[in-house]
Amino acid sequence: MVEHEKHLYMIVFPINALVASQLDPSAFAEHYTVGSSKHFQGKVLFAEIDINYRHPFFDIDHYLELTVPHPDGEPKKTKFICSYGVLEHVDLKSLKRLYLVTPNGKALGIDSKPYTAVNEPGLVRIYQEITPLTNLVASTLDQRSFGRYITSETRSKGAPKICFTQYEFKVEEFLEQNRNREIMYSPIPENNPARLYEYLLELKAAPSKKTKDHQPEHDAAGRVLPLDPAWLLVAEGSELLFYPMPTRHELESQYYDWWRFVR
């Protein structure tokens with residue numbers, strides 16, 4: 001019988017789950033988006049976890065033992081280990097490559113790199129929390145400070161770990177374009193532009209205020225996971241995992257099979 005290598009995957013979005021599988025990342029991406037009854041439709045974000053990672057919260061060894069080929073030799077596609085509180089119990093050092101998956105199952109693998117950006121202070125930024133929270137957040141904090149604040153400095157708005165990204169959003173342009181308009185426009189899908197306008201004015205008037213959350217009123221999957229973010233960050237206190245997207249030129253020249261389904 002053919003030996004199938006075992007993998008550990010953490011689904012980050014649309015749910016947060018730890019899964020064992022005998023599929024490689026590309027095959028797992030395709031199965032979970034278009035070949036599985038456990039996921040109806042839409043985009044997926046997942047990370048491969050070091051196969052040697054263990055935590056008492058997860059019974060990993062038990063489920064890996066159950067991850068065996070079917071009688072006909074076909075690999076075991078998914079064996080769910082845990083579907084609750086996963087990110088908070090995963091050591092960031094165990095995270096390997098992150099995969100952005102289109103609704104038709106095309107996966108783009110992204111490797112983490114050191115986060116060396118020098119951030120301009122005093123700006124209002126728009127962050128999108130991906131898991132375990134899914135709020136759209138206007139904030140006066142830069143990326144490092146926001147990750148630290150959410151994971152270690154607030155209980156009412158925070159979580160032990162957070163995966164988030166930032167919308168490339170021109171605040172001043174948005175405010176100017178919507179000034180005195182009855183029907184406002186926002187480039188961010190699935191949000192209330194009038195409420196966002198109000199929150200941005202509030203933050204600009206009170207720079208000491210750190211965040212203003214916009215909680216979705218209905219299904220906002222299209223907003224929570226943009227398929228072409230500039231980067232994704234996973235934060236725990238001052239520890240950051242930075243996943244930068246390839247450049248536009250790299251996407252068009254090296255990853256076009258993925259890129260054409262995004263654009």
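Our structure's up above, just so we're on the same page.
Residues numbered from 1 in each chain as written. Predicted model: local features only at pLDDT ≥ 70, side-chain atom pairs only at ≥ 80, totals over all residues. Heavy atoms only, no water.

Caption draft 1: Looking closely at the overall build of the protein. Across its full length, the protein holds eight helices and twelve strands. Whereas a compact globule of 263 residues would reach a radius of gyration of roughly 18 Å, the protein reaches 20 Å, a difference of no more than 12%. When the backbone C-alpha atoms are referred to their principal axes, the protein occupies close to 70 × 40 × 35 Å. Within the span of the protein, comprising 263 residues, buried residues form 49% of the whole. (Helix = DSSP H or I, 4+ residues; strand = E, 2+ residues; numbered from the N terminus. Rg over C-alpha atoms; globule rule 2.2 N^0.38 Å. Buried < 20%, exposed > 50% of the residue type's maximum accessible area, 1.4 Å probe, protein only.)

Caption draft 2: Layout of the environment of D257. With respect to the helices and strands, the residue D257 is situated in helix α8 (residues 256–262). The class for D257 is partly exposed, based on a relative accessible area of 39%. Measuring from C-alpha to C-alpha, the distance between D257 and L108 comes to 9.4 Å, with 149 residues separating the pair along the chain. In terms of polar contacts, D257 uses its side chain to reach the side chain of R260, at 3.2 Å. (Polar contact = N/O pair within 3.5 Å; in protein donor to acceptor, adjacent residues only side chain to side chain.)

Caption draft 3: A look at the packing of aromatic side chains. All chains considered together, the criterion is met by 14 aromatic pairs. For the ring pair F57 and F58, a centre distance of 5.2 Å and an interplane angle of 80 degrees mean the geometry is edge-to-face. Looking at F57, the relative accessible area reads 36%, which means it is partly exposed. Note on F58: relative accessible area 6%, which makes it buried. Seen from their ring centres, F174 and Y197 are 6.2 Å apart, and the 55 degrees between their planes marks the pair as tilted. (Phe/Tyr/Trp six-rings, centres within 6.5 Å; stacked < 30°, edge-to-face > 60°.)

Caption draft 4: Region of the structure containing the sheet that holds strand β3 (residues 44–49). Taking strand neighbours across the sheet as the criterion, the six strands line up as β4-β2-β1-β3-β5-β6 in an open arrangement whose pairing is antiparallel. Of all the strands in the sheet, just β4 (79–82) and β6 (107–110) have a single pairing partner and so form its edges. On average, each strand axis in the sheet is inclined to that of its neighbour by 30 degrees, with strand direction left out of account. Where strand β2 (residues 17–21) and β4 come together, three bridges link them in antiparallel fashion. Bridge assignment links A20 to a residue of β4, and that residue is K79. Packing against the sheet, helix α1 (residues 25–34) makes contact with β1 (7–13), β2, β3, β4, β5 (95–101) and β6, and its axis sits at approximately 145 degrees to β3. (Pairing = 2+ DSSP bridges. Axes fitted to C-alpha atoms, helices over the stretch in contact; angles between N-to-C directions. Contact = heavy atoms within 4.5 Å.)

Caption draft 5: Representation of α1 within the structure. The complete set of buried residues in α1 reads P25, F28, A29, H31, Y32 and T33. On its buried face, α1 is in contact with β1, β2, β3, β4, β5 and β6.

Caption draft 6: How the structure looks around the state of the cysteines. Under the defined criterion, the tally for this structure stands at zero disulfides. C82 takes part in no disulfide bond, and the closest cysteine sulfur, belonging to C163, lies 17 Å away. Since its relative accessible area comes to 2%, C163 is described here as buried. (Disulfide = S-S within 2.5 Å.)

Caption draft 7: A look at the nonpolar core. Within the largest apolar cluster, 36 residues are counted, with the highest numbers of intra-cluster contacts made by M10, L45, F58 and L95. Those residues within four positions of L45 in sequence are excluded, and the remaining contacts are M10, I11, V12, F13, L98, Y99, L100, I130, C163, L225 and L232. F174, I188, L200 and L203 belong to the second-largest nonpolar core, a separate cluster that totals 14 residues. (Core = buried A, V, L, I, M, F, W, Y, C linked by side-chain atoms within 4.5 Å.)

Caption draft 8: Structural context of the pairing of strand β11 (residues 231–236). Judged by how many residues are buried, β11 sits mostly within the fold: five of six residues are covered. Where β11 and strand β12 (residues 239–244) come together, six bridges link them in antiparallel fashion. Paired with V234 across the two strands is L241, which belongs to β12. Following β11, the chain reverses through two residues before pairing antiparallel with β12; G237 in that reversal takes a positive phi of roughly 60 degrees.

Caption draft 9: Quick peek at the sheet that holds strand β9 (residues 162–167). The sheet built from six strands is open, its strands ordered β10-β8-β7-β9-β11-β12 with antiparallel pairing. Two strands in the sheet have a free side with no partner beyond their single neighbour: β10 (211–214) and β12. Looking at each pair of strands side by side, their axes are set apart by 30 degrees on average, direction ignored. By the bridge criterion, four bridges tie strand β7 (residues 125–131) to strand β8 (residues 136–139) in an arrangement that is antiparallel. The residue of β8 that forms the bridge with I126 is A138.

Caption draft 10: Looking closely at the environment of M245. Looking at where M245 falls in the secondary structure, it is placed in the loop between β12 and α7 (248–254). Since its relative accessible area comes to 13%, M245 is described here as buried.

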